Amino acid sequence: MASSVNIIVGSHVWVEDPVLAWIDGQITRINGQDVHVQTTNGKKVVTNISKVFPKDTEAPPGGVDDMTKLSYLHEPGVMQNLAARYELNEIYTYTGNILIAINPFQRLPHLYDTHMMEQYKGAALGELSPHVFAIADVAYRAMINEGKSNSILVSGESGAGKTETTKMLMRYLAHLGGRSGVEGRTVEQQVLESNPVLEAFGNAKTVRNNNSSRFGKFVEIQFDKSGRISGAAVRTYLLERSRVCQISDPERNYHCFYLLCAAPPEEREKYKLGSPESYHYLNQSKCYKLDGVSDAEEYLATRRAMDIVGISEEEQDAIFKVVAAILHLGNIEFAKGEEIDSSVIKDEKSRFHLNTTAELLKCDPKSLEDALIKRVMVTPEEIITRTLDPEAALGSKDAFAKTIYSRLFDWIVEKINVSIGQDPNSKAIIGVLDIYGFESFKHNSFEQFCINFTNEKLQQHFNQHVFKMEQEDYEKEQINWSYIEFVDNQDVLDLIEKKPGGIIALLDEACMFPKSTHETFAQKMYQTFAKNKRFIKPKLSRTNFTISHYAGEVTYMADLFLDKNKDYVVAEHQDLLTASECPFVAGLFPALPEESSKSSKFSSIGSRFKLQLQSLMETLSSTEPHYIRCVKPNSVLKPFIFENVNIIQQLRCGGVLEAIRISCAGYPTRRTFYEFLLRFGVLAPEVLERNSDDKAACQMILEKMGLKGYQLGKTKVFLRAGQMAELDARRTEVLGNAARTLQRQIRTYIARKDFVLLRKAAIQLQSCWRAISACNLYEQLRREAAALKIQKNFRYHTARLSYLTLQNSAIIVQAGMRAMTARSEFRFRKQTKAAIKIQAHVRCHREYSYYRRLQKAAIVTQCGWRRRVARKELRNLKMAARETGALKEAKDKLEKKVEELTWRLQLERRLRTELEDTKAQEITKLQEALRSMQIQVEDANARVIQEREASRKAIEEAPPVIKETPVVIQDTAKIDALTAEVESLKVSLLSEKQASEEAKKASADAETRNMDLAKKLQEAEGKVDQLQDSAQRLEEKLSNLESENQVLRQQALTMSPTGKSISARPRTTIIQRTPENGSILNGETKPAHDKALVVSNPKEPESEEKPQKSLNEKQQENQDLLIKCISEDLGFSGGKPVAACVIYKSLLHWRSFEVERTSVFDRIIQTIASSIEAPENNDVLAYWLCNASTLLMLLQHTLKANGAASLTPQRRRSSSASLFGRMSQGLRASPQSAGLSFLNNRMLGRVDDLRQVEAKYPALLFKQQLTAFLEKMYGMIRDNLKKEISPLLGLCIQAPRTSRASLVKGRQQASAVAQQALIAHWQSIVKSLNNYLNMMKANYVPAFLVRKVFSQIFSFINVQLFNSLLLRRECCSFSNGEYVKSGLAELEQWCCYATEEYVGSSWDELKHIRQAVGFLVIHQKPKKTLNEISNELCPVLSIQQLYRISTMYWDDKYGTHSVSSDVISSMRVLMTEDSNNSVSSSFLLDDDSSIPFSVDDLSKSMQQVDVADVEPPPLIRENSGFVFLHQRSDL
C-alpha cells in the first residue's frame, strides 16, 4: 500500500468493488482521509485513503510472467496481472518460484507436447515462459545435483485442475527419466492407468466439482542413482470415510456405488441391486446422475482399468460384492426390542438386506445380526453380552460400513502399488501431492473442518518455504534481513490439534461419553476457547463456531461432528469378517492379536486424520518442496471467463496472498540496477552522466530522493512497501514538468506557424497580381512569335518536298546498280559452293570406302586371333577339369559338338564368302567385256558414218561428166571390208550377251543356294545358343563343385598329419609374363607364340617340393593388404576417393558380390566403424562420408538382387556372343588365373562400364550396412554442427541491453556497439558454417549431401530462433526483431557466397523466423487486419503462432502497440475452431533429425565415377595380387 503522501489528485489507483473485487480509477479530489475516485466504469467512489492502492500505469498490457517483477505487489496488482495473462491464454504465472496455474477449461495440447518438454529440459527457472514443466525440471535437476528427494505440492479447490496438473508433472518426469515398465508400459503410464480406479473409489461429486478427490494422493516417483525412474508408489492420505454413510444435498457418495447400480442387468441381478434411489446411503441426496456422464459406460471403463492394473476377475467380483454389501447394509433398519435398551431388525425388508449382506460377504446372517445389535463386555469376573438400542445399533452399522470401505480402499491402493512396482533401493524420489484445497461453503461440517485443518498444516509448511526463499534471496544479494518479521499460523494449529486442549481432543472426549451431544460439545468449546482470538462464537447460534483461518473465517456446524467422528473398531465386526468364507473379505480383516480382540476400542476419525496428516508432513519435511497453486477462474467451468471475486478468494485460500504478505513484510519491490536506472534515471540525470557504476548511481538517486530503509544488493535494489509509489510520484512530477515544457514549446511553434502562414498568403496574393500582368504581356509576345513560326515552317515544308523528290530519284538509281552487282556476285558464289560440295562428297566417298575395307580386315584378324586364344584356353580347361567325372565328360561331349558346329558354321561362312567373291569377280569381268565391246561397236559405227559422210561429200563435190568413168575398185573393197567387220562385231556382241545371260542365271542360282545356306546358318546359330546356355549352366555347377572340392581339400590338408596335399590333382605351373613366352606387354601380344599360359607339369621335381599356397591363404593375404591400405588416409585422385575406388575394383575382381559366404565385407565395415569412433573429428567423418557415398553409388549401379526377372539387352547380347567369352569370364575368379595378363585388359574390359552382377546375401547386407554408416556419418556431421552453433543461437536471439550511457547521450552510439556485439555472434555462426563447408569441399563430399546438411542446419536455426521467440517474452520486442533481422542478413549474405550448388534452398528454411521478425519490425500494427497479417505478411505462420506473437509483442523502442483487439478476438475464434476440429494447436516447431534422402536420391544426384583412372596407392601398387588396379580406360 502506498503512503498518503504519494496519493495526489490525478493518481491512478485501485479501489474495492463489491462485484469486481477491485476496479481501477483516477482520484478527482482528496478531503482529509477521504478520496474521491472516478472509476473506469463511470462510477464515483468515496473511500478512505488507506483502502486505495496505486496502479502501475506502465505495466505491460500482457502482464508479467513473474509477479515479483510487479512494481506494486499488492492484491489488485496480482489480480490484474493474472487477468491480463489469462485473457491471452497464458495460464501459468510465477510468484517467485511458486507457480500459479489457472484452469483454462479447454484443451491446449500445444503446451504439453514432446517438443515443449524438450524446450524446458535443463532450462533455468524463469528463463522460459512459466510452465508446469519448469517446476518439474527444477525438482528433477535439484534431485540429480544435490541427491536429495523433492516434492511438488499441487493444491487448489475442486475443479481447479489439480489432477490434470499432476498428470502433466508425471509425464514430464517420465520424459526425463523414463524407463519401460511391465509389458512395455512406462511407470508414468501405469500410474495414470490407476487413476480411473482411484477416482471410482475415492472421488465424489461435491458442490463445486463433479469429480472431486476426497482423499490426498502422494505419488512417489522413485529414481536410481543415474536419474532413471526405477519405480513408483501411490500413497493415499485422509480418505473422507464419513461420506460412505452421510452425504448432503446436492452432493453424491463415492462414484463406485452409482457405477455398480448402472452395471449390466445380469450383474445387478447377481448383486441383487436396484436403482440408487432405493438405498439409504445414496438417497440422502437427490442427485443421482452427473451431466454428460454415463454411469454404465464408466462402470465398463473402470472394469477395464482394473484389468490393466492387474486386478483379476475374481478379485473384481469380490470388490463389487463388498460395495454391494455396503449398499444393502445401509438399508438395514432397527426397532426397539422387548427389553429395555435393546433393538431388533425392523421388518422383513431389513431382514432381506441383512441376509443379502451376509450372502455377499459370505458370513452367517445370525452372526451378522448379533455383531450389529450386540456387544460383548469382558470383565475380570465374567463375560457380559448386552444389546444395543436402535440408535447405538445404527451407529454400529455405519461404523461397520465405514470400516469395510476404508479397508477396501486401502487394499486397492496396495494392489496398484504392487502392479506399478516399487524400488526399495531407490536413491531419491520426487513426490507429487494432489490434495483437496481449502473449502468454505454456506454450510460447513466435519469434512470441511478436517480439510481446512490439512490446509492449515500445508500453509504453515508453505509459509516456512516462502520465508526460506526470501532469506535465500536476501543472502544471495547480501543484504540485512534479520529484522524481517515472519508470519506464522501456529496458533490456529494449536487451536485445532493441541493436546489436551485442542478441538480434536475435545471432540474425542465427547465421543467417548455416551451421553454427550453436539450441544454439550459446542458449550465445552465455548468455555475452553473463549479468549482465543482465532475462535469466534456466532451470536445467534448455540452449536456453530467460527475459526479464523489463514484464508479467512469459516463457520462450522457442530451438529454432526460427533457422529462423523466416531469410528469404533468393534471386535464383533472383526471376528465376523475374519471368519468369512470369502478369502478376499477375510484378507481385508486379518486376525488381530488375542489381547486386542477381546473388547471394542474407540478410534476417532479426527485422531486418525491427525496421525495421517502428521505422517504426510514428515514426508514433505524430508524433501525439498515446490509449489503449484491451481486456480478455478469461474464457477460455470467455461473458458475465457475470469471472475475476480472467485479468483481473489482462491488466492487467499491457496496462500498466494499470504506469501505476498510475507514478501511485503520485507522488500516487495526488487529491481535490477539496470531496470531501476532505466525507470528512475530521469530523477537525477547528472548521476547518469558520471562514470560511476550502476550500484553507486542507484545509491545517489535514492539518497537524492531522501528514501530510508531500502537495501542495495549485489545486482538489485530492494525497496520497502510504498517506496516504489513514492519514486513513481517523483518521477510523474518530473515527467509532468517536462511535459509542460514540451507543451510551451509546442504552443510557440503553433503560433509561429500561423504567422508564417499569414505572411505567406500575402506574398502569394501579390505574386498572383504580378503574374496576371505578366501573362497579358506574354500573350502578345506569343502571338508575334507564332506568326514568325508559321512562316518559317511553310518555307521549310516547300524546300523539304523538293529535296525529298531529288533524294528518292538518286536512291532508285543506286539501288538498281547495287542489285545488279549483288546478283552477279551471288551467282559466282553459288557456283563455287556447288563445286566445293561435289569435291567434298567425292573425297568422303573415297576415304570411307578405304576405311570400311580396313575395318573389315581388322575385325577378321581379331576374330581369328581371339578364336585361337580361346581354343588354347578351352584345351587348358579340359585338362584342368578331367577329374570331375561324368559331369566333365558330358561337358566335353557338348564342347566337341559345339566345336564341330562352330567349325561347320565357319566353313559355311567361308564358302559363302568365297562364292560371293567369285560371283562378284565374274560379274565384274563380264561387265568389263560388255563395256569394251560396246565401245568397239560404237567406234565402228562412228567410222562407218564418217566414211559415208566423206563419200557423200566427194560425190557432191565431183564435177558432172558425160563420159563414162571407170570405178575405183579400191574404195569398194574398203567398204566391203568395213561391212564385214561390223557384222563380225555384231556376232561377237550377241555371243557376249548370251554369256552375260548365262552368268546372270548362275548368279541367281548361287543366291538361292546362299539363302538356303543362310537359313541353315540361322538354325545352327539357334542350336549353338541353346548349347551355350546349357554349357553355362553346366559351368556354374562345375564351379560350385570345384569350390566344394577346394574346401574339402583344404579340410583334408588341415586334418592330414603330414600337412601334405592328398589331392590327386596334378600341380600346375604359371608361366611368368615375359616377351619371350608371348605374354601381353604394353597392351600388345606376339601372335607367333603359341604356348599355353597355364600348362600342366606333373614331372617337374621342384614344383613337387614347394607346396602351392591354397586359395584361402592367398585371398586372405590380399584382403589383409586391402584392409591395411584403406585404414590409412588414401586421399583423392582427380576429385575421386581412392579408397572407395580400390575397394570397389577389388571386390568386383574377386567376385565377392557373387559368393554365398565371405568375411571381407565385415572387415571393411569394421574398418570404417573404427575410423569414425571419434565423433568430433569432422575431417575423418567427411573423408569417409565421401568414400561411403561413392562406394554406395557404385554398388547401386552394379548390384542387382538374386533372381532378377531378366538381363538387360546389352548383357544378353554379350552373354550370347560366344561360349568362349563366358568361359573366359568364369576364368576371372579361378585361382590359377590370378596372374594372367589378358584378364586385366582384354577379357575384363573397362571397369567403369559398371556391369551388373547378381548379388548374393553378403553383398546385399554389405550394401545395407554401408547405407547405415553413411546415414550415421551424415547425422554425426550435422549434429556436430548443431552442437557448435547452439550456444551461439542462444546469444543471438536476444539483443544485448543498451548501456547506461544511452539513457542520457542517446542511443545511436550504444546501439551501434550493441549491433556490433550481436553481429559478432552471427559472424561466429557464419564462420562455423564456412569451416564446415570448406571441410566438406576439401574432402569432396557430394554437393547433394552438403545441400542436405545445410538445409537441415538452417531448419534447426529456424526452429531454435522461432521457438525461443515464442517462449521468451523479452525476445518478442521491436528492437530484438531489428537485431535478429540484421543477423539473418548475415546468413543470407553467406548463402550468396556459398552458391546455390552447396546451400540449395537452405535460405527458404528460415521462413518462419523471417516472417516473425518481419512482423515484429513493421509499423502501425493496430491498422493491420487479420487477412493482411495471415495472407500477406506471415502466410507461413499458423493462427496459434500469430496469436502468440501478437500477444507477447512489446515495443521497447517506440512504445507502439500490437495488433488491435478485434484481430486478437478473431484469432481466438479461429483457434477455438481449430481445437474443435482436432487441428494441431501447437505453436512450436519441431526439429527434424531424420535422414532426408534415400540411396536412390543419392545415386541419381551423383555423377558417374570413372574408377579405372584412379591411381592405386603405393602400398598395393607393386603387389602381384593387385595388378588389375593398373588398368586404364583407354586400353
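Residues numbered from 1 in each chain as written. Predicted model: local features only at pLDDT ≥ 70, side-chain atom pairs only at ≥ 80, totals over all residues. Heavy atoms only, no water.

**Q** Looking at this structure, how should I read the overall build of the protein chain?
**A** A count of helices and strands for the protein chain gives 48 helices and 30 strands. Surface summary for the protein chain: the accessible area is close to 80,300 Å², and the carbon and sulfur share equals 54%. (Helix = DSSP H or I, 4+ residues; strand = E, 2+ residues; numbered from the N terminus. Areas by Shrake-Rupley, 256 points an atom, 1.4 Å probe, with all protein chains shown as cover.)

**Q** Hey, could you run me through the side chain of D137 in this one?
**A** Topologically, D137 is positioned in helix α3 (residues 132-146). Residue classification places D137 among the buried residues on the basis of a relative accessible area of 2%. A polar atom in the side chain of D137 sits 3.2 Å from the backbone nitrogen of G122. Residues contacting D137, with those up to four places away along its chain left out, are Y120, K121, G122, A123, Y172 and L176. (Buried < 20%, exposed > 50% of the residue type's maximum accessible area, 1.4 Å probe, protein only. Polar contact = N/O pair within 3.5 Å; in protein donor to acceptor, adjacent residues only side chain to side chain. Contact = heavy atoms within 4.5 Å.)

**Q** How should I be thinking about the sheet that holds strand β5 (residues 53-54) in this particular structure?
**A** Strand pairing in a sheet takes place through backbone hydrogen bonds and is either antiparallel or parallel in direction. One open sheet holds the 5 strands; their spatial order is β4-β3-β2-β1-β5, and the pairing between them is antiparallel. Looking along the sheet, the strands with just one partner apiece sit at the ends: β4 (44-48) and β5. Bridge analysis of strand β1 (residues 12-17) against β5 gives 2 bridges, and the strand direction is antiparallel. In the sheet register, V13 faces β5, and the bridge partner there is P54. Together, β1, β2 (21-31) and β5 form the strand contacts of helix α1 (residues 75-87), whose direction differs from that of β2 by roughly 135 degrees. (Pairing = 2+ DSSP bridges. Axes fitted to C-alpha atoms, helices over the stretch in contact; angles between N-to-C directions.)

**Q** Is there a simple way to explain a positive patch on the surface in this structure?
**A** On the surface, R867, R871, R875 and R910 cluster together into a positively charged patch. Looking at which element gives the most residues to the positive patch, the answer is helix α27 (residues 723-880), with 3 residues. Along the polypeptide, R871 turns up in helix α27. (Patch = residues over 30% accessible without salt bridge, like charges linked within 9 Å, V, L, I, M, F, W, Y side chains within 5 Å. Salt bridge = Lys/Arg side-chain N within 4 Å of Asp/Glu carboxyl O. Lys, Arg positive; Asp, Glu negative; His and termini not counted. Charge placed at Lys NZ, Arg CZ, Asp CG, Glu CD.)

**Q** Help me out: how do you make sense of the packing of aromatic side chains in this one?
**A** Two numbers describe a pair of aromatic rings. These are the distance of the centres and the angle of the planes. Taken as a whole, this structure holds 34 aromatic pairs when the rule is applied. Judged by centre distance (5.7 Å) and plane angle (85 degrees), the rings of F449 and Y556 are edge-to-face. Of this pair, F449 sits in helix α14 (residues 446-477) while Y556 is found in strand β20 (residues 552-557), placing the two residues 107 residues apart along the sequence. Aromatic rings pair up to connect F446, F449, F521, Y526, F529, F535, F545, Y556 and F561 into one cluster. In this arrangement the basic side chain of K55 is found over the ring face of W14, its NZ or CZ atom lying 5.5 Å from the centre. (Phe/Tyr/Trp six-rings, centres within 6.5 Å; stacked < 30°, edge-to-face > 60°. Lys NZ or Arg CZ within 6 Å of the ring centre and 35° of its normal.)

**Q** Would you explain the sheet that holds strand β22 (residues 669-672) in this entry?
**A** As summarised here, the arrangement of the 3 strands in space is β22-β24-β23, forming an open sheet in which the pairing is antiparallel. Because the sheet does not close on itself, it has two edges, and the strands there are β22 and β23 (711-712). When β22 meets strand β24 (residues 716-719), the two strands line up antiparallel, connected through 4 bridges. Looking at the pairing, R670 lines up with F718 of β24. In this fold helix α24 (residues 673-680) packs onto β22, β23 and β24, with an angle of close to 95 degrees to the strand it touches most, β22.

**Q** Quick question: what am I supposed to make of the environment of A174 here?
**A** Note that A174 resides in helix α4 (residues 162-177). It is 8.6 Å that separates the C-alpha atoms of A174 and R228, two residues lying 54 residues apart in sequence.

**Q** For this particular structure, what's the right way to read helix α37 (residues 1257-1292)?
**A** In an α-helix, one full turn covers 3.6 residues, which means residues spaced three or four apart are oriented alike. Between the first and last C-alpha of α37 there are 51 Å, a value that for 36 residues agrees with the 52 Å anticipated at 1.5 Å per step. By the largest-angle criterion, S1286 marks the main kink of α37, which is about 35 degrees, and a proline, P1287, follows within four residues. (Expected span 1.5 Å × (residues − 1). Bend = angle between axes of the 7 residues up to and from the residue.)

**Q** What is the right way to look at the confidence of the model for the protein chain in this model?
**A** Predicted coordinates in areas of low pLDDT are best not read in detail. The predicted model of the protein chain averages 80 in pLDDT, with 84% of residues at 70 or higher. Note that pLDDT drops below 50 for residues 595-600; the model gives that stretch 9 contacts with residues more than four away or on any other chain. Predicted confidence is poor over residues 960-969, with pLDDT under 50, and the contacts of this stretch with residues over four places away or in other chains come to 1 contact. (pLDDT = per-residue confidence, 0-100.)

**Q** Teacher, can you tell me more about the nonpolar core here?
**A** Soluble, globular proteins show a tendency: their nonpolar side chains are buried together. Core analysis: the largest hydrophobic core is formed by 263 residues, its most contacted members being F201, F257, I628, L1387 and W1390. Per-element accounting of this core gives the leading share, 16 residues, to helix α40 (residues 1343-1367). Non-local contacts of F201, meaning those with residues more than four positions away in its chain, are made with Y254, C256, I319, F320, V323, Y405, L408, F409 and I412. (Core = buried A, V, L, I, M, F, W, Y, C linked by side-chain atoms within 4.5 Å.)

**Q** What is the right way to look at the pattern of salt bridges in this model?
**A** Enumeration according to the criterion identifies 35 salt bridges in this entry. Residues K272 and E359 are paired through a salt bridge, measuring 2.8 Å at the closest nitrogen-oxygen approach. Taken as a pair, K272 in the loop between α8 (265-271) and α9 (295-308) and E359 in helix α11 (residues 348-361) lie far apart in primary sequence, 87 residues in all. On the accessibility criterion, E359 (47% relative accessible area) is partly exposed.

**Q** Is there a simple way to think about the environment of L238 in this case?
**A** Note on placement: L238 falls in the loop between β12 (229-237) and α7 (255-261). Exposure remark for L238: the relative accessible area of 1% places this residue in the buried category. For the pair formed by L238 and R608, sequence separation is 370 residues and the distance between their alpha carbons is 8.3 Å. Those residues in contact with L238, other than ones at most four positions away along the chain, are R214, F215, G216, I435, Y436, T454, F609, Q612 and L613.

**Q** Can you help me understand empty space enclosed by the protein in this one?
**A** To find leftover empty space, one rolls a probe the size of a water molecule over the atoms. According to the stated counting rule, one finds 12 cavities of 30 Å³ or more in the structure shown. By volume, the largest cavity amounts to about 130 Å³. Together, 17 residues line the largest cavity, and R85, E90, S129, R1369 and M1448 are the ones closest to its centre. Along the walls of the second largest cavity sit 15 residues, with G156, E157, Q650, C653 and G654 positioned nearest its centre. The set of elements that each furnish at least two residues to the lining of the second largest cavity consists of β21 (624-631) and α22 (644-653). In terms of residue class, the lining of the second largest cavity is built from 7 nonpolar, 6 polar and 2 charged. (1 Å grid on protein atoms, 1.4 Å probe; cavity = no way out; pocket = protein on both sides within 12 Å on 5 of 7 lines; lining within 4 Å. Points joined across faces, edges and corners; volume = space filled by probe spheres on them. Nonpolar A, V, L, I, M, F, W, Y, C, P; charged D, E, K, R; others polar.)

**Q** I tried to follow the packing of helix α12 (residues 365-373) against helix α19 (residues 571-578) on my own but got confused; where do I start?
**A** Axes are the key here: two packed helices are described by the angle between their axes and the distance separating the axes. Two elements in contact, α12 and α19, have axes whose closest approach is 8 Å; the angle formed by their N-to-C orientations is 165 degrees. When the axes of α12 and α19 are compared, the pair comes out roughly antiparallel. Judged by the sense of rotation from one axis to the other, the crossing of α12 with α19 is left-handed. Judged by residue contacts, S367, L368, A371 and L372 of α12 engage E572, H573 and L576 from α19. (Parallel < 35°, antiparallel > 145°, perpendicular 65-115°, else oblique. Left-handed = near helix turned anticlockwise from the far one by under 90°.)

**Q** Can you help me understand unusual backbone geometry in this one?
**A** A cis geometry characterises the amide bond from D249 onward to P250, with omega recorded as 10 degrees. Within the secondary structure, P250 sits in the loop between β12 and α7. The backbone of R1151 sits at a positive phi, close to 60 degrees, despite the residue not being glycine. The class for R1151 is partly exposed, based on a relative accessible area of 21%. With a phi close to 55 degrees, Y1340 is a non-glycine residue in the positive phi region. For Y1340, the position within the fold is in the loop between α39 (1308-1338) and α40.

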